Amino acid sequence: MAASHEAWLLENGNIKVLSKEMRYASAGRTAHNMSSSSLRKKSDRSLVSKVRVGFLRAFLGNLQEVLLGTKLSLLFLAIPMAIVAKYRNYASAWVFALSLLGLTPLAERVSFLTEQIAFYTGPTVGGLLNATCGNATELIISILALVQHKVDVVKYSLLGSILSNLLLVLGTSLFCGGIANISKEQNFDRKQVDVNSMLLLLGLLCHVLPLMFKFAGKSPELTAVGTLQLSRASCIVMLIAYIAYLVFQLWTHRQFFEADEGDDDDDVASDDESPVIGFWSGFVWLVLMTGVVALLSEYVVATIELHQCDPTTDRWKRSRTCWGNHFCIQEQIGYFSRCSSRLSNSNRLVRGPLSVIVAWIMGINMDLDLNLLETSALALSILVTAFTLQDGTSHYIKGLVLLLCYVIIGACFFVFRAPLNSNDLGLKSSPGQGIMRV
Amino acid sequence: MASSEASELLENGSIKKEMMRHGGRTAHNMSSSSLRKKSDLSLVSTIRVGFLREFLVNLQEVLLGTKLSVLFLAVPFAIVAEYCSFGRAWVFGLSLLGLAPLAERISFLTEQIAFYTGPTVGGLLNATCGNATELIIAIFALIQHKVDVLKCSLLGSVLSNLLLVLGSSLFCGGIVNISKQQKFDRKQADVNSLLLFLGLLCHVLPLMFKFTAEATASATLALSRASCIIMLIAYIAYLVFQLWTHRQLFDAQDDDDDDDVVLDETPAVGFWSAFVWLVVMTAIVALLSEYVVATIEAASDSWGLSVSFISLILLPIVGNAAEHAGAIIFAFKNKLDISLGVALGSATQISMFVVPLTVIASWIIGIRMELGFNLLETTTLALSILVTTLALQDGTSHYMKGLVLVLCYLVIGACFFVFRAPMNSSINLEYKSSQDHVTMRV
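These lines cover the structure that appears in this document, whether it is placed above or below. (Residues numbered from 1 in each chain as written. Chains lettered and ligands numbered in written order. Predicted model: local features only at pLDDT ≥ 70, side-chain atom pairs only at ≥ 80, totals over all residues. Heavy atoms only, no water.)

### A few points about the overall build of chain A
Next, step 1: Of the regular secondary structure elements, chain A holds 18 helices and four strands.
Next, step 2: Here chain A holds 438 residues, and 56% of them are scored as buried.
Next, step 3: Within chain A, contacts between residues separated by at least 24 positions form 86% of all contacts whose residues are at least 6 apart in sequence.
Next, step 4: For chain A, the exposed area adds up to about 18900 Å²; of that, 67% sits on carbon and sulfur atoms. (Helix = DSSP H or I, 4+ residues; strand = E, 2+ residues; numbered from the N terminus. Buried < 20%, exposed > 50% of the residue type's maximum accessible area, 1.4 Å probe, protein only. Contact = heavy atoms within 4.5 Å. Areas by Shrake-Rupley, 256 points an atom, 1.4 Å probe, with all protein chains shown as cover.)

Below you can see the structure in the form of structure tokens.
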């Protein structure tokens, strides 16, 4: 007992020394990291350290760190229940709900694991890992949906994640932060936000142009090819922009993006300053978790078409994507964090183009054209967010307005019932006269 | 020799005083001036005959005073190609190439004239003649009844100024000055953005008009013409603002690059010679523009590009080549105010001056030209103005901003590349309205 206690103290003693180097050498201590870390808890080693066998103790310590190291760990129980429900052929609604519940802690753990691995691989690679793997769940869902030829599911989940990030998460955080800090001035650095807004507008341009194409062409056959080519070209452009953004963020202008490390060192210093698990164990866990994510995602995608009588777009959007990002909200009540604008960018700029290119490789025709209604919702959300954040301060009304925008958009899609996999979604044009109905 | 040197020194001595008087030192001047080179007078000064020597000096100054002067060769080639009936695409390409140095020389000559006419008139001259090429192409397109080519080339000019010129200069400037802070004065950008939004409004309303059930062609026409008058009023007010009441906002920064631009301090050619040259060059520009507009369909067929792509992307790039290079060079030197002045100023000029002018010209000629573009083009214009305004809002810049603007331009270019619409198929006139529903074909 004493030995392990000493070891613990030694570790703790070293923590202070290591912390400074670790902090700057550690892979992108981005806002993403910091937000997830609030959901972690210090693992209580007292129980495990009673086990005598060294190997077993290390293994159990590892297990405890990974599985129980989050406040969401209760939801891990949903995973076996979901698998059981699937094999016993329970009602698909149960499978759907349980899979969604199970995906939530998995998403958080995956980002934790990538962060741990990032400690070993250095700042740049770590930042890259964080940037891409942070969205592992949604990326996997997209690819699975594409394989099953559910192109619209991918498109609308993409849209939904952007909207929920921009409006719901950001709005809630601004609102709660504003209420909690009602007497103080709330500032943030607007340079990062500017770059994000510009990238979002680039993405918006890439969505709007194929849509306009449809209106401007003479007949659907002629425009379909053009729309597809344009979408693919736009995706290449967006990927270039994303790569440049990564270079910008992780290399040349890193000083814009350094997370605010002012006075919350106590909260987060202890957890993240040294990796709590080894590199290979982290890697193995990552692979395992990704596998489980894939499994649950397949359940989700497979059951979604059984809900076609519901307004599928709405449910898909709201349930799936909100869960994945919800953990962000709790973080932001104390102080305003920029994780949402960052997340939304990583989402869009990786998932959208990647999905289209994967579809291209698979021979599926996926273009970037969302419907008129969705595109205008997207455009106005981006505009509202850009203007809200542009002066570098915040208060609760800003958050409230963003939230209300989200509620309105949700209401809109709630009453809008469109058949999901029909190609023109109400837009017909014939040679004699063009008819437009939205 | 000695006397000429002495006179040069005298001239240089009085430069400082003269600098105060010359108010037409706009960003536009300074950017084009970066493409000039000091004329080497040594060869010419060996000629004994005074009159011939002066004439040759003049010639050298005007024709060879730019780094683009090699493209002047394209001009006679183009004329030859037209008369010997070479492939139409050749005529088109050669005329395009020949337009680039001519545009630059015209701006040089107006600047020379501005030395003699004083600051205000000089500023006005610069403001109007800065986009002479676009104006002349527009008028020729109008005369040949190619209204769509005209609209696309003007729109393309605005887009290329806002996205391509601005983006590439911000990008290059950001890369080169990656360690420094890059600031610019955002008041100028704000005013320009406001005017661009006004122009956008004037374009969007006639378009929206067509979607409503009660729109008649004559009502849309009347609306377009009224909007043009308003745009011209706004432009005149902007000129007053820029050249008279708030000139301090627009003064170009000329603290430490006096060496580069000092050759602009004295006029290099006399007033009347500059005037004559201006007339001659404008005539040549007119000739080449006529070729360009006449052969645009042939070129599009033989090159496999759509007419909208050529008029939207290729024509403006050529017309803006000189300003483009200048803006990039000034961004390299971290003088972003000048680059911004060039790019935004040009865009504002075209949107608020050239476009209304052509509509009024069409009114006089009797052609029914309206302001609205296609839905696709209007959307690209709106989004470009939005992205640019957002990029310039905070008064600083880095290469990422420039890169995003350039990428937006690429996407728009790709869009028009794949967009093959029949160009002169009376796009503006197919708005039928019936009693049950509005039918729309764009």
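### So, the side chain of Gln393(B)
Next, step 1: Positionally, Gln393(B) belongs in the loop between helix H17 (375–391) and strand S2 (396–397).
Next, step 2: Residue Gln393(B) is classed as buried on the basis of its relative accessible area, which comes to 12%.
Next, step 3: Excluding residues that lie within four positions of it along the chain, Gln393(B) makes contacts with Arg190(A), Gln390(A) and Arg186(B).

### Digging into the interface of chain A and chain B
Next, step 1: Each partner contributes residues to the interface: chain A has 43 residues there, and chain B has 33 residues.
Next, step 2: For the pairing of chain A and chain B, the buried interface totals around 3600 Å² over both sides, and the portion due to carbon and sulfur atoms is 78%.
Next, step 3: Run the count over chain A and chain B and you get zero salt bridges.
Next, step 4: If you list the elements that add at least two residues to the side of chain A that touches chain B, you get helix H9 (190–216), helix H10 (220–252) and helix H17 (372–388) of chain A. (Buried area = accessible area lost by both parts, 1.4 Å probe. Salt bridge = Lys/Arg side-chain N within 4 Å of Asp/Glu carboxyl O.)

### Notes on unusual backbone geometry
Residues and elements named next belong to chain B.
Next, step 1: The backbone of His145 sits at a positive phi, close to 60 degrees, despite the residue not being glycine.
Next, step 2: By the secondary structure assignment, His145 is in the loop between helix H8 (132–143) and helix H9 (147–176).
Next, step 3: Residue class for His145 comes out exposed when judged on its relative accessible area of 55%.

### Examining the packing of aromatic side chains
All names here are of chain B.
Next, step 1: Counted under the stated rule, the structure contains five aromatic pairs over all chains.
Next, step 2: For the ring pair Phe171 and Tyr399, a centre distance of 6.3 Å and an interplane angle of 65 degrees mean the geometry is edge-to-face. Residue Phe171 is located in helix H9, and its partner Tyr399 is located in helix H18 (residues 399–418); the two are separated by 228 residues in the primary sequence.
Next, step 3: Its relative accessible area of 5% is what places Tyr399 among the buried residues.
Next, step 4: The interplanar angle of 40 degrees and the centroid separation of 6.2 Å between the aromatic rings of Tyr235 and Tyr238 together place this pair among those described as tilted. Taken together, the residues span about one helical turn, with Tyr235 and Tyr238 both in helix H11 (residues 217–245) at a distance of three residues. Like Tyr238, Tyr235 is buried. (Phe/Tyr/Trp six-rings, centres within 6.5 Å; stacked < 30°, edge-to-face > 60°.)

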